[in-house]
Amino acid sequence: MSERPDHQRVPRLPRAAIHRLVRKVRKRPGTPPGTLIYTGPPRVEPATVHFMRYSKDRVEEGRMEGDTTDLLSPDSVLWVNVDGLHDVGLIQRLGGEFSLHPLILEDVVSVGQRAKSEEHEERLFVVIQMLTTDFDHGKVTSEQVALVLGEGFVLSFQERAGDVFEPVRDRIRSEGSRIRARDADYLAYALVDAVVDHYFSVLEELGGQVERLDLEVMEDPSQATMRAIHELKQEMLVIRRAVWPVRELVNGMIRSESALIRDSTKTFLRDVYDHAVQIIDTAETLRDVVSGLMDLYLSSVSNRMNEVMKVLTIMASIFIPLSFLAGVYGMNFDFMPELHFRWGYPLLVAVMAGTAGSLLALFRRRGWL
Amino acid sequence: MSERPDHQRVPRLPRAAIHRLVRKVRKRPGTPPGTLIYTGPPRVEPATVHFMRYSKDRVEEGRMEGDTTDLLSPDSVLWVNVDGLHDVGLIQRLGGEFSLHPLILEDVVSVGQRAKSEEHEERLFVVIQMLTTDFDHGKVTSEQVALVLGEGFVLSFQERAGDVFEPVRDRIRSEGSRIRARDADYLAYALVDAVVDHYFSVLEELGGQVERLDLEVMEDPSQATMRAIHELKQEMLVIRRAVWPVRELVNGMIRSESALIRDSTKTFLRDVYDHAVQIIDTAETLRDVVSGLMDLYLSSVSNRMNEVMKVLTIMASIFIPLSFLAGVYGMNFDFMPELHFRWGYPLLVAVMAGTAGSLLALFRRRGWL
Amino acid sequence: MSERPDHQRVPRLPRAAIHRLVRKVRKRPGTPPGTLIYTGPPRVEPATVHFMRYSKDRVEEGRMEGDTTDLLSPDSVLWVNVDGLHDVGLIQRLGGEFSLHPLILEDVVSVGQRAKSEEHEERLFVVIQMLTTDFDHGKVTSEQVALVLGEGFVLSFQERAGDVFEPVRDRIRSEGSRIRARDADYLAYALVDAVVDHYFSVLEELGGQVERLDLEVMEDPSQATMRAIHELKQEMLVIRRAVWPVRELVNGMIRSESALIRDSTKTFLRDVYDHAVQIIDTAETLRDVVSGLMDLYLSSVSNRMNEVMKVLTIMASIFIPLSFLAGVYGMNFDFMPELHFRWGYPLLVAVMAGTAGSLLALFRRRGWL
Amino acid sequence: MSERPDHQRVPRLPRAAIHRLVRKVRKRPGTPPGTLIYTGPPRVEPATVHFMRYSKDRVEEGRMEGDTTDLLSPDSVLWVNVDGLHDVGLIQRLGGEFSLHPLILEDVVSVGQRAKSEEHEERLFVVIQMLTTDFDHGKVTSEQVALVLGEGFVLSFQERAGDVFEPVRDRIRSEGSRIRARDADYLAYALVDAVVDHYFSVLEELGGQVERLDLEVMEDPSQATMRAIHELKQEMLVIRRAVWPVRELVNGMIRSESALIRDSTKTFLRDVYDHAVQIIDTAETLRDVVSGLMDLYLSSVSNRMNEVMKVLTIMASIFIPLSFLAGVYGMNFDFMPELHFRWGYPLLVAVMAGTAGSLLALFRRRGWL
Amino acid sequence: MSERPDHQRVPRLPRAAIHRLVRKVRKRPGTPPGTLIYTGPPRVEPATVHFMRYSKDRVEEGRMEGDTTDLLSPDSVLWVNVDGLHDVGLIQRLGGEFSLHPLILEDVVSVGQRAKSEEHEERLFVVIQMLTTDFDHGKVTSEQVALVLGEGFVLSFQERAGDVFEPVRDRIRSEGSRIRARDADYLAYALVDAVVDHYFSVLEELGGQVERLDLEVMEDPSQATMRAIHELKQEMLVIRRAVWPVRELVNGMIRSESALIRDSTKTFLRDVYDHAVQIIDTAETLRDVVSGLMDLYLSSVSNRMNEVMKVLTIMASIFIPLSFLAGVYGMNFDFMPELHFRWGYPLLVAVMAGTAGSLLALFRRRGWL
C-alpha cells in the first residue's frame, strides 16, 4: 500500500555501485608480470592520442600520428594524452618510445587500481581515480587516470574521452599563465590538482543528496528511502576507496628525492595535500551523517509501528468489552430477569458509555491519545 | 496523536547542520592555484579594516584607509584585523603590502577549511575555525579566522564583524598587561588561545542540551526527541571537524623552528595544546553520551510498544473468549436445553467471571499487570 | 503497569553523571594566561593547610600559618597539603613562596582537568583525578589533585578535605618505614600510587554493580534496568576520562630527565605504570560487558514482546472463528433449517471443539505453546 | 509458511565456515619444538613429489624418487613441489637433504597458519594461504602453501594435489620466457604472485554473491537471505585472515637483506605488495557492503511487519465497532424502542456505513492506505 | 511457554565470567610497595614446593624442604615450582634465598595481573595467565603463573596444583631430549610455550561451542540461546585479556639484552611469538563470529514475530468482517426484510464464503500464506 509514489521523490542511484566495488581489477592470475591486458569494460570507439607542446612563447596541439618522441625538445614541455586503454598495441608502442618499465604499462591498462605514485628509474608514475557525477542519476563514476612524468614531458592515459582537464588546457593556451613558464613537473601537479579539486564537486553533489534524504526521512520515510540511503552508502564506499590513498600519493610526490620534481612545485603539492586531507575529512563526515540517517529512519519506523499499534489497541480495548456486554444480553436464556426490567436497556447503554469513557480517560492519561 | 506539545520542549536546532558540513569549500576546480575566489555565503556589508598598534607605553587603534605598511615600526606591534573576506580586492592589496604568498591568500578567502598552521618564507600562517553558539537556537556557528604572523605584525581575517577577541583587545588597551610587553608572536598566541578557550563555552552549551535531552528521553520521549538527538549529533560533527585539527595546528607552532615564535611564547602554546587535548576529549565524551541517548531512546520506544501490546493482549484475551460464550447462548437452535435451565444464566455468568479471573491471575503471574 | 517495584532493585546512580562530564572546566575565555580563577563548585568551609616534615629520625606535622618556606631544610622532606582551591589568595601566596610558574597555579585551581605531568624549570607538576565511590549511591566522585615536586618538598592541592592519602600519612608516621628514608620524589610517587591504587576499588565497586545488573537483565528486566545500564555507561565515561591519561602521566615521570626524580624511584614508577595499564584494561573490559548487557536487554525486550504477541495470537485465532460460528446460528433468518435439527446444537459444539483442537495442535507444532 | 522456495534462490554456502575458522591449528601442547605432527584433515592418497629443473636452454621435469639434492646444479634452478603434508617421513627426509631448520619443518606440516616470511640461516621460508572457490557451492577453500627458497632451488609444500601454479609451470616450459632467464628468487616471487593474483578471482566470486544477495534483499528478503548474509560474513572472515598478513609477508621479502633475493626481483615484489594492499582494500569494502546488507535486511523486516500490522489495525478498527453496534440491536431487552421503528434498520445500516467511511478516511489521511 | 527444554541444549557456562573480569586484583590501596598480600580466593590445601634439577646426564626431582639454594650448582639447571600463593611466608623465604626484588614478590602473589615480562637486575620476571577449560561446563579458568629466570635456575609460582607443564616434565625426564642439553633460559621458554600452546586448546573448545550455538540459532533460537551467546562473549573477554599482552611479553623476552637469554633460545621465542600472534588473530575472529551470531539471533526473533503477526492478522482479518455480517442478521429489528427472504440465509453464506475467499487470495498475493 502507498508504496507507489515513493519512486518519484529522490532521484535513485542506478544499482551499479556494488558492481563497481568488486569488478575485475586484475589480469588473469598467473600470467607473467608486464603482460598488457586491458581489464576495463569493452569499448568500441578507437583510442586517440592528442598532444600539447608549449613553452613560454608557443603552444602547439593536435592529434598525434607517428612517433611521438620527435616532439620532445629541451626547451618546451610535451603533454601526450591517450583516451582509450583498450588499444594495448598503442600503449605498448608509446611505452617503447618513452622507455617505460613493463610494470608501469601493466598498471596503465589495469583499470580499477588503488591510487599511488611510484618512481621507476627516470620516470614518476601516478595512478589516480577521476570521479565524476552523472548529473541525471547522481551516480558517481570512477575512471582511472595514469600519469607518467619524465624530463620534459607528461603522458596521461584515460579510459575514455571526456575529463576534468579542460581548465588546465585553457590555462596552457592562455599566454602569460604561470603554467607556461614552468616545467613538466608543474603540469603533472596541475593535472593531479584538477582531479583532486573535482572531488569537492562530487562530495557537494552527494551532500545535496544527503540533505534531501535527511528531509525525506524526517517527513515521509518509506522503504524506498531506506534503499536510497543504502545506495548512497555504497556510493560513499566508491568515493572512499578513490580518495583515501590520494593523500599518500601526494605525500609520496612531495617526499620524492628525484630531480623530476622541483622544490618550487612542492609548495603547490603541499596545497594539494591539504585538499586531500580535507576531502577525506568531509567524506568521513558524510559517512557519519548517512549512518545517522539510517538510525533516524529505523527509529521512525519503530515510532510509526507504535502509532499503528496504539490505534489498534484503543479501538479493540474499547469495543471488545462493549461487544461482550451486548452479547450477554443477546443470549436466549429463559430466565434473564434484566431483560424484562423497564430501565434495563437505558441502564446498560449508560454502563457502556461509562466503560468507554473510563477507558478513554485511562488511555489519555497514558499519553496514547 | 499527542505529537503537538513536543515542539515546545527542547529548543530545536535549525536544519542547517548538514548544509554546513557539506557546503562548497573550494574554488571552481581547475582554476590556477593562487586565484582568489571567496567561497562563503554572499554578504552585503562592506569589508572593514581595523588596526591596533601598541608598545609598552602606547596604544593606537582605528579604522584603516590607505597603505597599511606605513604603520609598521620596529619597536611596536601592529595588529590588522579584516572583517569580510568577500572583498577580494582588499585582500589582494593587503597581500601585496605584507608580501604574502598567493597560496596563503587563496586559503584566506576559501572559507570552511581545516585548521592548520603553515610556514611560508617569513610568514607563519594559521587557519582556525571560530565556533560560537547562537543563544536563541543553540545552533553552533563556525566562522573561519586566518592569522598571519610576521616580524612585528599580525594580520587577522574574519568572515564577518563580531568575534571572540574583545578580551584580547581589552588586555592590549590596559596598561601594564603582559601582552603589551611582548612581541607579535604573543599576540598570535593570545588570538589562538581566545578561539580555543571559546570552544569550552560551546561545549558547555551543548552539554546543557545533552542534559535536557537526557531528561526528556527518560521522562517523555517522542519522535521529536529523536530528531533533536539526530540534530545534536550533527552539531557534534561540526564541532569535531573544527576541533580535531587544532591540536596539530598548535603542535606545529610549538615545533616551529622559525625565529618568528620565541621560546618564551612556546610555554604558553603548550598550555593551549593541553586545552586542545582536553576539548577533543570532552567532545568525544559528549559524542559517546549522545550515542547512549539514542540507544536509550530506542529501548524506551520498544518498551512502550511492549506496554501497548500488553494492554491489547490482556483486553482481547479476556473478552474474546467471554464473547464467544455469550455468542453460543445467543444461538437460536430449537434444542438447547441449557437455555431453559432455571440457573443457566447465573451459572454462565459465574463461569464467565471464573474464566476472566483465572486469565487475570495468569497475566499477573507473568508480570503483565 | 508493574513499573513500581523496579525502583527498589539496584541502587540507582544520581543523575549528575552527564553534568560532571560537561561541567565548566576553564576560566572565562580570553582572560590572560596565569589568571587564577577557581572553576569548581562553590564551597563554604575555609581552605586549610597542613604540613608534614620528616626525615629518617623525626616527624613533625601540624596546621600551617605564616610563611611555609621556613620549614624547608636540606635534610628533611616537607609535604604541604592544601584542602580547598577556592581560596585563590592562599594559592597565590604559596605559589610565590615556592616560586611556581603562573601557568602551574592556573592549572591548580582549574578543576576538571585532564591528568598530566609537566616540568617547569625546577618543578615537576602533576595533575590527577582522584576517584572515590559514594557508598550510598554507588556514584563515582572525581576530585582534582595537583602535586608539585621540588627539591626537598611536595605540595599537594585538593578540592576539599578527605582523601586517599591516609595510608601514606601512616607510613610516614611509622618509624623505620621506607618512605622515611627516601627523598621527596618517593613521596610524590607514593601519592600518585595511592590515587592509582584507589582506582582498583572504584572499578571493583562498579564491577559489583555490573554483576547485579547482569542478574537483573537475565531475571527481571524493566525500563528501570535500562536506565541503570545507561547511567552505568556514563559512570564508565567519567572513569575512562580520569584513567586513560594517567598512563601517559606516569610515563612522563619515568622518562623525565630532571634530577628531581631519582632512578631508584623510577623502578617504583614503573610498577605504577603497570597498574595504570591494568586499570585501563579492566575499565575497557567493563565497558564491553556493559555494552553486552544492553544488547541482552534489548533482546529480552524483543523476546517478551514475542511472548505477548503469541498469547494474543493464540487467543484471538482460536476464539474469533468460534465466535463467528456462534454468530451465524444467532441470526434470525426465517429459513435456517439447521436451527431446527435435533442434533444441530451438539453437532455445532463438536465442530467448534474440533476447530479449537486443530488450531491448538497447529500452534503446538509451531512451537508457540 | 512460504519458507520453502527460499532454498533455491542463492546457492548456499556449506556450513563449514566456522569450522575452518577455529580448527585445530597446532600440535599437541607441550610437545618439544620441531616435532613434526601433521595437523590437517586425514588424507588417503599418497604424497607425491614432482620436480622441474630449468635453465635458459633446458627444462626437465618429472616425479621424483631417491635423493633430491642430486638435482642441484649451479647453473640451473630446481623447483621441488610436494603434494601431501601427511607423509611426515617424506618431509623429514627432504628437510635433511636441503638442511632445513626443525622449526621450518614443524611449520610446514602445521596447516592453518598465519602467512609469514622468515629467514633461517641460508633459507627464506614463506607460509601463505592459497584460496580457491569451489564453483559448485561458492565455498572458499583455504590450503596452506609453504615455500622454501635456497640458493638455486625452491621447495613448495601443499596440502593436496591441485593448485594455482599451472600458469607458472607453463611459463617455465615455454622457451624464451623471462622466468627461464632468472634465478630461483624470481621463481619464488612468481609462486607468491600466483597465489596473490588468485585472491582477486576469489573476491570477484564473492562480489558476485554479494550482488545477488543485494538484489534478493531488495526484492524478496526472507530468513534464508539473512542466513546467506551471515554465512557470507563468515566467508569474509576466512578471506580476511588469509589476506591481511600477506602484505607484511611481501614487505618482509622486500626488506630482506639476504643475498637470496636479488634487487631486480624486488621491483616485482613491490608490484605484489601493491596487489596485496588492493586486495585488503577490496576485502574490507566487501565487508562494509555485507554489513550494509544486514542493515537493509533488518529494516525491510521492520517494514513488512509494519505493513502486516497496518492491515490488522485497519480491519479490526473498522469492523469491531460495527460488530458492537450489531450486537446492541441483537439484545433481547423487552423495552428497546428502536427495534420497533419503521426506519430503524436502514438508519442503523446508514450509521454503520458512515462510521466505516470516516474511519477509512482517517486511515487514508494517515497514509496507511 | 516452551522455554523449558532450552536449558538442556548447549551446556551453559557458569555465571562467574563477570566476576572473574572485575575481581579484586590488587592489595589494599596505599599499603607500601613490596607488601606481600595474596589477592586470590582463599585456599585450604597447604602450599607445596617441588624441584627438578637436571643436566645432560642426571635428573633429580622431589618435594622440597629446607633451603633451596643448596640445590644450585653451576653445571645443572634447577626448576623450583611452587603450588599455592597464599603461603606468603614461603614466598618471602624463597624471595630471600634467590634474592628477588620486593616488587617481584608483590606481583607474584597479586593474582589476576596482566601478562608481562620485566628485568630486575639479574632476574627476568614473567607473569602469564594459564587458561584451562573445565570440560564439564566449558568454563574457561584463568590461573596466574609467575616465572623467575636467573642464572642456572627457574622458579615458577602457581595459584594451585595442576598445570599444563606435565609434558615439559616428561621431556626433562627423558634422556637425550634437547631440553636436557640446554640452559635455564630454554626451560623458561619451554614453560611459556606450554602455556601459550594450551591457548589453542581453549580456543578450539570455545570454537566448538560457537559452532553449536550457530546451529542452535539457525534451527531453534530461544532466549536461552541469547544468554549463552552473551556468556560466550564474556568468556571471550576473559581470553582476550589473558592473550593480548602475551605478544608483548614474548617480544620483550626476544628484545632482552640481558645475558640470561641466549641467542639460540631467541629463535624458539620467535616461534612462540608467531603462535601468540596467531592466537590473538583466532580470538578476534571468534569474537567477530559471536557478534555475527547475535545479529542473526535478533533477526530471527524479528522474523518469528513477523510470522506470529501474520497468523493473527490473517485470522482476524478474515473472521472479524464475517462475524460482523452474522451480527447484523442477528439483530432484532421488527422490519428487516432480508430475514424473511427464502434464500436470504444461503445467499448470506455465499457472500461470507466470497469475502473469505477474496481476503485469502489477497493475502496469498502478498506472500503471507
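Residues numbered from 1 in each chain as written. Chains lettered and ligands numbered in written order. Predicted model: local features only at pLDDT ≥ 70, side-chain atom pairs only at ≥ 80, totals over all residues. Heavy atoms only, no water.

Q: I would appreciate a short explanation of the packing of helix H8 (residues 263–328) of chain C against helix H7 (residues 223–255) of chain E in the present structure.
A: In helix packing, the relevant descriptors are the interaxial angle and the interaxial distance, both defined with respect to the helix axes. Here H8(C) crosses H7(E) at 170 degrees, and the two axes come no closer than 10 Å. With respect to H7(E), the axis of H8(C) lies roughly antiparallel. In terms of residue class, the contact of H8(C) with H7(E) is made up of five nonpolar, ten polar and seven charged. (Axes fitted to C-alpha atoms, helices over the stretch in contact; angles between N-to-C directions. Helix = DSSP H or I, 4+ residues; strand = E, 2+ residues; numbered from the N terminus. Parallel < 35°, antiparallel > 145°, perpendicular 65-115°, else oblique. Nonpolar A, V, L, I, M, F, W, Y, C, P; charged D, E, K, R; others polar.)

Q: Is there a simple way to think about the confidence of the model for chain A in this case?
A: Low-pLDDT portions of the prediction should not be read for the details of their coordinates. All names here are of chain A. Confidence in the prediction of chain A, expressed as mean pLDDT, is 84, and 91% of residues score 70 or more. When mean pLDDT is compared element by element in chain A, strand E7 (residues 153–158) scores highest at 94, while helix H1 (residues 17–22) scores lowest at 56. Note that pLDDT drops below 50 for residues 1–16; the model gives that stretch 36 contacts with residues more than four away or on any other chain. Scoring the predicted complex yields pTM 0.83 and, for the interface, ipTM 0.79. (pLDDT = per-residue confidence, 0-100. Contact = heavy atoms within 4.5 Å.)

Q: What is the right way to look at the relation of the copies chain E and chain C in this model?
A: Both copies of the chain are related through a single rotation about an axis accompanied by a shift along the same axis. You can overlay chain E on chain C at an RMSD of 0.1 Å; the transform is a turn of 72 degrees with a shift of 0.0 Å along its axis. Considering both components of the superposition, the chain copies are consistent with a five-fold axis. Among all C-alpha atoms of chain E, that of E:Gly330 lies closest to the rotation axis, at 4.5 Å. A share of only 19% of interface residues in chain E that are also interface residues in chain C marks the association as one of differing surfaces. (Least-squares fit on C-alpha atoms with pLDDT ≥ 70 in both.)

Q: Can you walk me through the interface of chain E and chain C in this structure?
A: In many reports, interface size means the accessible area that the parts give up when they come together. The partner chain C presents 70 residues to the 70 residues of chain E that form the contact. Regarding the contact of chain E and chain C, the summed buried area is about 6,000 Å², with carbon and sulfur atoms giving 63% of it. If you look at where chain E meets chain C, you find four salt bridges. Note that C:Asp281 and E:Arg241 form a salt bridge whose closest N and O atoms lie 3.4 Å from each other. Linking chain E to chain C there are 14 residue pairs in polar contact (both at pLDDT 80 or more). (Buried area = accessible area lost by both parts, 1.4 Å probe. Salt bridge = Lys/Arg side-chain N within 4 Å of Asp/Glu carboxyl O. Polar contact = N/O pair within 3.5 Å; in protein donor to acceptor, adjacent residues only side chain to side chain.)

Q: What is the right way to look at the sheet that holds strand E2 (residues 59–63) of chain E in this model?
A: Strand pairing in a sheet relies on backbone hydrogen bonds. The paired strands run either parallel or antiparallel. Residues and elements named next belong to chain E. If you walk across this open sheet you meet the seven strands as E2-E1-E3-E7-E6-E5-E4, and the pairing is mixed. Strands with a single pairing partner mark the edges of an open sheet, and in this sheet they are E2 and strand E4 (116–120). Mean inter-strand twist for the sheet, computed between neighbouring axes without regard to direction, equals 15 degrees. Relative to strand E6 (residues 139–150), strand E5 (residues 123–134) runs antiparallel, the two being bridged by eleven bridges. From the neighbouring strand, Ile-128 faces E6, where its bridge partner is Val-145. (Pairing = 2+ DSSP bridges.)

Q: Whenever I open this one, the pairing of strand E7 (residues 153–158) of chain D confuses me. Can you help?
A: Side-chain direction in a regular strand flips from residue to residue, so the side chains alternate between the two faces of the sheet. Residue and element names in this part refer to chain D. Within E7, six of the six residues are buried, leaving the element largely enclosed by the surrounding structure. Neither face of E7 is open: one carries Phe-153, Leu-155 and Phe-157, the other Val-154, Ser-156 and Gln-158, and all of them are buried. Bridge count for strand E3 (residues 77–83) against E7 is six bridges, and the pairing is parallel. Note on E7: the bridge partner recorded for Leu-78 is Phe-153. Here strand E6 (residues 139–150) runs beside E7; their pairing, made up of six bridges, is antiparallel. Looking at E7, one finds that Val-148 is bridged to Leu-155. Where E6 folds back onto E7 in an antiparallel hairpin, the turn is made up of two residues, including Gly-152, whose phi is positive at roughly 90 degrees. (Buried < 20%, exposed > 50% of the residue type's maximum accessible area, 1.4 Å probe, protein only.)

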